[in-house]
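One-letter residues, chain by chain:
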2 protein chains.
Amino acid sequence: MNLNQKCINVARVVSAEMISRANSGHTGVALGATTILYSLFKDHYTYYSQEYRNRDRLVLSAGHASALLYTLEYMFGFNVSLDDLKNFRKLGSKTPGHPEYGVTDGVEVSTGPLGQGVANAVGMAIAEAQLAEKFNAQKFNVINHKVYCFVGDGCLMEGVANEAISLAGTLKLKNLILLYDSNSITMDGKTNLANTEDVERKFKSQGWRVIKVSNGNSYFSCTNAIGQAKNSKKPCIIIFKTKIGYGTKYVGSNAIHGKPLNAEELQALKDNLFYEGDLSVPSEVREYCYRSHRRSKVNYFKWEKQFVLYQNTHPDLSKEFLEFFEIPHINFAKICKGKFKEKNSMREANKVVINQIANHLKSFVGGTADVMNSTMAYIDGGGDFSAENYRGRNIHYGIREHAMVAIANGISLYFGLPSFVSTFLTFVNYCIAPIRMTAMMNIPVWSYLTHDSIYVGEDGPTHQPVEQIAQLRCIPNYTVFRPCCTTELLACHSIAYEQMRPCAFILSKQELEEQDVSFDDAKKGAYILAEDENADIIIFATGSEVSLALEAKAELNRMGKKLVLVSVPSVEVFERQSAKYKESILKRGIKKRVAVEASNDPVWYKFIGLEGLMFGVDKFGLSGKGSEVANYFGFNKQNLVEKIKNL
Amino acid sequence: MNLNQKCINVARVVSAEMISRANSGHTGVALGATTILYSLFKDHYTYYSQEYRNRDRLVLSAGHASALLYTLEYMFGFNVSLDDLKNFRKLGSKTPGHPEYGVTDGVEVSTGPLGQGVANAVGMAIAEAQLAEKFNAQKFNVINHKVYCFVGDGCLMEGVANEAISLAGTLKLKNLILLYDSNSITMDGKTNLANTEDVERKFKSQGWRVIKVSNGNSYFSCTNAIGQAKNSKKPCIIIFKTKIGYGTKYVGSNAIHGKPLNAEELQALKDNLFYEGDLSVPSEVREYCYRSHRRSKVNYFKWEKQFVLYQNTHPDLSKEFLEFFEIPHINFAKICKGKFKEKNSMREANKVVINQIANHLKSFVGGTADVMNSTMAYIDGGGDFSAENYRGRNIHYGIREHAMVAIANGISLYFGLPSFVSTFLTFVNYCIAPIRMTAMMNIPVWSYLTHDSIYVGEDGPTHQPVEQIAQLRCIPNYTVFRPCCTTELLACHSIAYEQMRPCAFILSKQELEEQDVSFDDAKKGAYILAEDENADIIIFATGSEVSLALEAKAELNRMGKKLVLVSVPSVEVFERQSAKYKESILKRGIKKRVAVEASNDPVWYKFIGLEGLMFGVDKFGLSGKGSEVANYFGFNKQNLVEKIKNL
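Just so it is clear, the model here is predicted, and its values are computed rather than measured.

Thresholds, definitions, all that
Residues numbered from 1 in each chain as written. Chains lettered and ligands numbered in written order. Predicted model: local features only at pLDDT ≥ 70, side-chain atom pairs only at ≥ 80, totals over all residues. Heavy atoms only, no water. Salt bridge = Lys/Arg side-chain N within 4 Å of Asp/Glu carboxyl O. Helix = DSSP H or I, 4+ residues; strand = E, 2+ residues; numbered from the N terminus. Buried < 20%, exposed > 50% of the residue type's maximum accessible area, 1.4 Å probe, protein only. Contact = heavy atoms within 4.5 Å. Domains from an automatic or database assignment. Buried area = accessible area lost by both parts, 1.4 Å probe. Polar contact = N/O pair within 3.5 Å; in protein donor to acceptor, adjacent residues only side chain to side chain. Nonpolar A, V, L, I, M, F, W, Y, C, P; charged D, E, K, R; others polar. Least-squares fit on C-alpha atoms with pLDDT ≥ 70 in both. Pairing = 2+ DSSP bridges. Axes fitted to C-alpha atoms, helices over the stretch in contact; angles between N-to-C directions. Parallel < 35°, antiparallel > 145°, perpendicular 65-115°, else oblique. Left-handed = near helix turned anticlockwise from the far one by under 90°.

1. Some details on the pattern of salt bridges
Residues and elements named next belong to chain A.
Stage number 1. Scanning the entire structure with this criterion turns up 69 salt bridges over all chains.
Stage number 2. The partner of Asp-536 in a salt bridge is Lys-592, and the shortest N-O contact between them spans 3.9 Å. Of this pair, Asp-536 sits in the loop between strand 17 (527-531) and strand 18 (537-541) while Lys-592 sits in strand 20 (residues 592-596); the two residues are 56 residues apart in sequence, bridging distant segments of the chain.
Stage number 3. Residue classification places Lys-592 among the partly exposed positions, given a relative accessible area of 28%.

In structure tokens:
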């Protein structure tokens, strides 16, 4: 057996052994796709460290191939040890069940939910294209690497992948290479149970180059194909025909997909592959892999040297390059001063703010799902990102919400910087899966979600959000803002920016009254907007309902009632305040407690308690004038006053 | 001008007028796609009434073409009046902003969120294929109609549509015809901003027939193309090249997409189209359309006659056909008696129940997103639905969660009967958009969502649901069940079945203890499972946390504490009970209040109030053994006892 084949077989045995020891994991892909990923690591994948800006990016969209990834990382000298492999899938290990961003060297993004990795990779390829276009100079290709994405049959069936693939073709992202492990088997059986499409033709119809490898077990064929793909003038997919569970008696069957091998089966595998070790790698193999991986080190040092030359030759450009990754301080109150109208819709005001951010943060890019004119999330003068203009700062994602957010996750991860997306709040349902990943990876992808309530009106219940704010607020590590005026909006942006958090901005379509609000108060997430002495009623309100609550308060005051009105631009920000501050706002001593928000979020019971009075919307909306719909749901002063005075 | 052209122009003017009067709506598509939909209504679409089983189905996936739809319905004698047209987009009208199921004659499904309509139509085509296969006999094609789906550029970019298109090709659904209004314009500009794919090639690669109509303004070309499509041996898409906003100065521009015309522009349109009327239809036109629509009436009466003959010739088969649509009474406690093991995982027990349902309800079909072996949602002996076997009751949706639910919505709407879907709870994020539509349309699509908490373990945070239960519970008109044992599971199924509601079943992967539960108590949604005299602590728990709470209670009892334990299989069902019953369970007098659920749902503050103690999960999960992860999050007896005793 030649050395490459030996390396491949060792990787197989080690991966299978890891999975068996953990008694959990995906043996099928680890044995089937070994040659593909080995060839990539051996001859192509250039990775020195997470800090090396011109490293290749590898996205394991089929995240269940994690055992194989970790094994190869160990063999090729990444920061993964034999002990790490032994702790596969154990609590607190560096080798979790699916690759997790920030946990393991070389893992650029958390994957597991199928298909999203393809969109993450498209995002990285967009970011690479932009960087290359902006900063490469003659003879100085400071950015010129590849984005590899490993996918299985499952990934390619998912809508999010199809959305991203179509956009990648449109944008002609030639730096993007999909490595498709085509074993024709999914969890429930043969792929053709549910899918008979001609993948080659389908990709070609979307502007992709297609390379086919009939024997995905041949190192020579695999490495050659990847070599060809690197020279493609279009995004490229390599279709590797492979055999799931190669080397076991379950080869080619769905039975092996998620099955750890037992002792006997493991022995049979070793016999079949002529390798008797267990969780160890022969020094011959390791040295061979290490040697090949020196390629990355050489590449890095060469790049560093080249970069010094680049700085000498192109001092301005190289300075801009370095500045691109810096996050300047922004004084939001200052930069937006005098830029708003007397009355503003929050979407309109938001446009002012993001344009100011874009002025200061040169790396700030984003886009919408074909609703730019409605959500107004657009960087004026930033240009449109297209195959002809990789400098553009506005990305036309098309009507593809799911891919939009997953792509933005990729862009943010690539730059290590914020990126924005935008659509109508009601359509956040199409992209809540990648928003979960934004939150899980703790990255600053900001979702500007407009048309934020039943006030949307005529477009009817499908276009009127009701439960979406609640669906976002309950995502762990996610911050939701719903500002009531421009000062609150600025405070929210300032929190998101300073803390570089995953956030959503819930923005009104309609104009809202300006309120007399302190910027610093608003930054606490909840604060007292108005308070009567000896108040015995407390009202919590957000967004467009704040002015409604204020009107009701005035009327109730006229009736001799005493109230406190708390504005809550962000429940999550408020919950991060000190116990003492929270107590001073919650005022638990007050028994008559009210919350007003045109949404269906039980989180308000945390504020108003068991006996509290909730003004929310617990039904789907209606088609009609916004004001009439609001009336129908009791969102008018009269109704509030009536109910509150009878408390 | 010939009469057909006149009809088309009248439809244009009436639609534009409706939108202008409402000062809201989508003029672009109403003027651009008129000839396509007119040709369909004029010569092909066979619709007598919602009760006619062999009617064609029309899905307006591009739901913003509603004004045009209502106009044509009026012209062709559907149950839509001129007054209805005048009330377009008004509160309570029959002509809402987007088509709403149950509101307007001929509207088979609510649409508006783009792309989903394609999947709804695929569901209807699957249902039609099954019915035809099961019940047609030689010379008696009692079911042999078409499913038409009107789509725009937006629909075809959405992932959900791409998923559904791929599956339709695999299943060779020749009864399905997509009418693609290809105007190359979307809200933000030219379609090629974000999409340059070769639609013809892409569809062909997925097993579709493609027909192209270069002039979508020609009645003759349009009607001919539809005629050809009806004879296709594969699912067929007709690509009509059209001009958005035809007849206005904005023709071919995105400016007209959602713009009502002003008086002057409306006059110019009338001048251009040589039709001077406003919101009226000349009798000549109306008579011509009526006459053509008699085709549908004739078709229906012919079918009725044929059906009598069918009943005489095939008495058993026709009886089965009629019985297919009946919903038999099911005594769940009885039919499942003795069928469970001593200890059951809820997914396993659920399989027992759905197989019993399937035995009694012959129309019951469903499927999973390639996780049949894991979620166990499978009808044994029901066969697999495929191009070769349209009788199969188990649908392999592939790894396409979004399309899965939208297709199931289509199946359920077509049959007027329940259908099920299944995936892991964490992946409900991929399909929460169509679940919203399930709830909005109030149809019995049941989602069996397994692997319901952090106990999933090794697969890590991406596979461990945390916020998903909350995200489902806050959807209006949706019922979520999380049973703790088989008796509760049966009670939940019995509620879903008797009330034919949109529901989700949250089911454990791991085995749970059987509890001593009364079926009738469980049907109340929440009930007292155990109670000490003079209790001063109340605990609410669901699913796998019920036995944990019971253990904690026993330990606390040994310390002399007195408690009530309430099991809550469904918050929503409980909330529908009488005030008196709710009071008897909530026991507001008890001040020490606790909730235990391995999820992040603030709804529990409705039960425990401001000062309550919540045992939930407010962070993402971890990769490790299920029990270790649970311990990490404090889900063990010791921690519960410790915290509760210190209340």
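2. A look at the side chain of Asn-639 of chain A
Stage number 1. As for its position among the elements, Asn-639 of chain A is in helix 27 (residues 637-645).
Stage number 2. Sequence-distant contacts of Asn-639 of chain A, that is, excluding residues within four places in its chain, are made with Phe-615 and Gly-634 of chain A.

3. Some remarks on the domain arrangement of chain A
All names here are of chain A.
Stage number 1. Taken domain by domain, chain A consists of domain 1 (3-297), domain 2 (332-512) and domain 3 (523-645).
Stage number 2. Taken together, the contact pairs 30 residues of domain 2 with 36 residues of domain 3.
Stage number 3. The contact between domain 2 and domain 3 buries some 2600 Å² in all, and 54% of this surface belongs to carbon and sulfur atoms.
Stage number 4. A salt bridge links Arg-473 to Asp-601; the nearest nitrogen and oxygen atoms lie 2.8 Å apart.
Stage number 5. The tally of links from domain 2 across to domain 3 stands at 18 residue pairs in polar contact (both at pLDDT 80 or more).
Stage number 6. Elements with a contribution of two residues or more to the side of domain 2 that touches domain 3: helix 19 (468-473), strand 14 (479-481) and helix 20 (486-499).
Stage number 7. Element by element, the count of residues in the side of domain 2 that touches domain 3 is highest for helix 20, at seven residues.
Stage number 8. Across the side of domain 2 that touches domain 3, the residue classes break down as 15 nonpolar, eight polar and seven charged.

4. Points about the relation of the copies chain B and chain A
Stage number 1. Superposition record for chain B on chain A: RMSD 0.0 Å, screw rotation 180°, translation along axis 0.0 Å. Interpreted geometrically, this transformation is the action of a two-fold axis.
Stage number 2. Both copies present the same face, since 100% of the interface residues in chain B are matched by interface residues at the equivalent positions in chain A.

5. Topic: unusual backbone geometry
Stage number 1. Unusually for a residue other than glycine, Asp-370 of chain A sits at a positive phi of about 65°.
Stage number 2. By the secondary structure assignment, Asp-370 of chain A is in the loop between strand 9 (365-368) and helix 16 (372-375).
Stage number 3. Positive phi is not limited to glycine here, since Asn-442 of chain B has a value of about 55°.
Stage number 4. Looking at where Asn-442 of chain B falls in the secondary structure, it is placed in the loop between helix 18 (432-441) and strand 13 (445-450).
Stage number 5. For Asn-442 of chain B, a relative accessible area of 41% puts it in the partly exposed group.

6. Things to note about the sheet that holds strand 1 (residues 57-60) of chain A
Residues and elements named next belong to chain A.
Stage number 1. Spatial ordering of the open sheet is given by 1-2-3-7-6, a layout of five strands whose pairing is parallel. Across the chains shown, the open sheet's two edge strands, defined by having one partner strand only, are strand 1 and strand 6 (209-213). The sheet shows a mean angle of 20° between the axes of neighbouring strands, taken without regard to direction.
Stage number 2. Sheet analysis places strand 1 next to strand 2 (residues 147-152), joined by four bridges and oriented parallel. Paired with Leu-60 across the bridge in strand 2 is Phe-150.

7. Thoughts on the packing of helix 12 (residues 283-313) of chain A against helix 13 (residues 315-324) of chain A
Residue and element names in this part refer to chain A.
Stage number 1. The interhelical angle for the contact between helix 12 and helix 13, taken along N-to-C directions, is 120°, at an axis separation of 5 Å. Between helix 12 and helix 13, the crossing angle belongs to the class labelled oblique. From helix 12, Phe-307, Tyr-310, Gln-311, Asn-312 and Thr-313 reach across to helix 13, where they touch Pro-315, Leu-317, Ser-318, Phe-321 and Leu-322.
Stage number 2. Here the residues of the contact of helix 12 with helix 13 are counted per class, giving six nonpolar, four polar and no charged.

8. Focus: the sheet that holds strand 20 (residues 592-596) of chain B
Through backbone hydrogen bonds, the strands of a sheet pair up, either in parallel or in antiparallel fashion.
Residue and element names in this part refer to chain B.
Stage number 1. Strand order in the open sheet made by the five strands is 17-19-18-20-21, with mixed pairing throughout. The sheet is open, and its two edges are formed by strand 17 (527-531) and strand 21 (613-615), each paired on a single side. On average, adjacent strands in this sheet sit at an angle of 20° to one another, irrespective of strand direction.
Stage number 2. Relative to strand 20, strand 18 (residues 537-541) runs parallel, the two being bridged by five bridges. What sits directly across from Ile-539, in strand 20, is Val-594.

9. Re the environment of Leu-178 of chain B
All names here are of chain B.
Stage number 1. Position of Leu-178 relative to the elements: it lies in strand 3 (residues 176-182).
Stage number 2. Remark: the alpha-carbon pair of Leu-178 and Tyr-52, spanning 126 residues in sequence, is separated by 22 Å.
Stage number 3. The residues contacting Leu-178, other than those within four sequence positions of it, are Val-118, Cys-149, Val-151, Leu-156, Phe-203, Trp-208, Cys-236, Ile-237 and Ile-238.

10. Topic: the pairing of strand 12 (residues 419-424) of chain A
Residue and element names in this part refer to chain A.
Stage number 1. For strand 12, a buried count of six out of six residues is recorded, marking the element as mostly surrounded by other parts of the structure.
Stage number 2. Both strand 9 and strand 12 contribute to a ladder of four bridges, which runs parallel. By the bridge assignment for strand 12, Gly-366 is matched with Phe-420.
Stage number 3. Of the pairings in the sheet, the one linking strand 12 to strand 13 (residues 445-450) comprises six bridges and is parallel in character. Its bridge partner being in strand 13, Val-421 is matched across the sheet by Ser-447.

11. Thoughts on the packing of helix 3 (residues 34-43) of chain A against helix 4 (residues 66-75) of chain A
Residues and elements named next belong to chain A.
Stage number 1. One way to put it is that helix 3 packs onto helix 4 with a least axis distance of 11 Å and a crossing angle of 35°. Crossing of helix 3 against helix 4: the hand is right-handed. For the pair helix 3 and helix 4, contact is made by Thr-34, Leu-37, Tyr-38 and Phe-41 and by Leu-68, Leu-69, Leu-72 and Glu-73, respectively.
Stage number 2. Its residues placed into classes, the contact of helix 3 with helix 4 shows six nonpolar, one polar and one charged.

12. Some remarks on the pairing of strand 7 (residues 236-241) of chain A
Across a regular strand the side chains alternate sides, sitting on one face of the sheet and then on the other.
Residue and element names in this part refer to chain A.
Stage number 1. When you tally the buried positions in strand 7, you get five out of six residues, the bulk of the element.
Stage number 2. Inspection of the sheet shows strand 3 (residues 176-182) paired to strand 7 by six bridges, in the parallel sense. When the sheet's bridge partners are listed, Leu-178 is paired in strand 7 with Ile-237.
Stage number 3. Pairing analysis gives five bridges linking strand 6 to strand 7, with the strands arranged parallel. Looking at the pairing, Ile-211 lines up with Ile-238 of strand 7.

13. What about the interface of chain B and chain A?
Stage number 1. In this assembly, 105 residues from chain B lie in contact with 105 residues from chain A.
Stage number 2. Carbon and sulfur atoms make up 57% of the area that chain B and chain A hide from each other, which totals about 8400 Å².
Stage number 3. Contact with chain A buries surface across chain B, with Tyr-430, Arg-436 and Leu-610 of chain B losing the most and accounting together for 9% of the total.
Stage number 4. At the junction of chain B with chain A, the criterion picks out six salt bridges.
Stage number 5. The partner of Glu-611 of chain B in a salt bridge is Arg-588 of chain A, and the shortest N-O contact between them spans 3.5 Å.
Stage number 6. Here chain B and chain A share 58 residue pairs in polar contact (both at pLDDT 80 or more) between them.
Stage number 7. Per-class residue counts for the side of chain B that touches chain A are 39 nonpolar, 39 polar and 27 charged.

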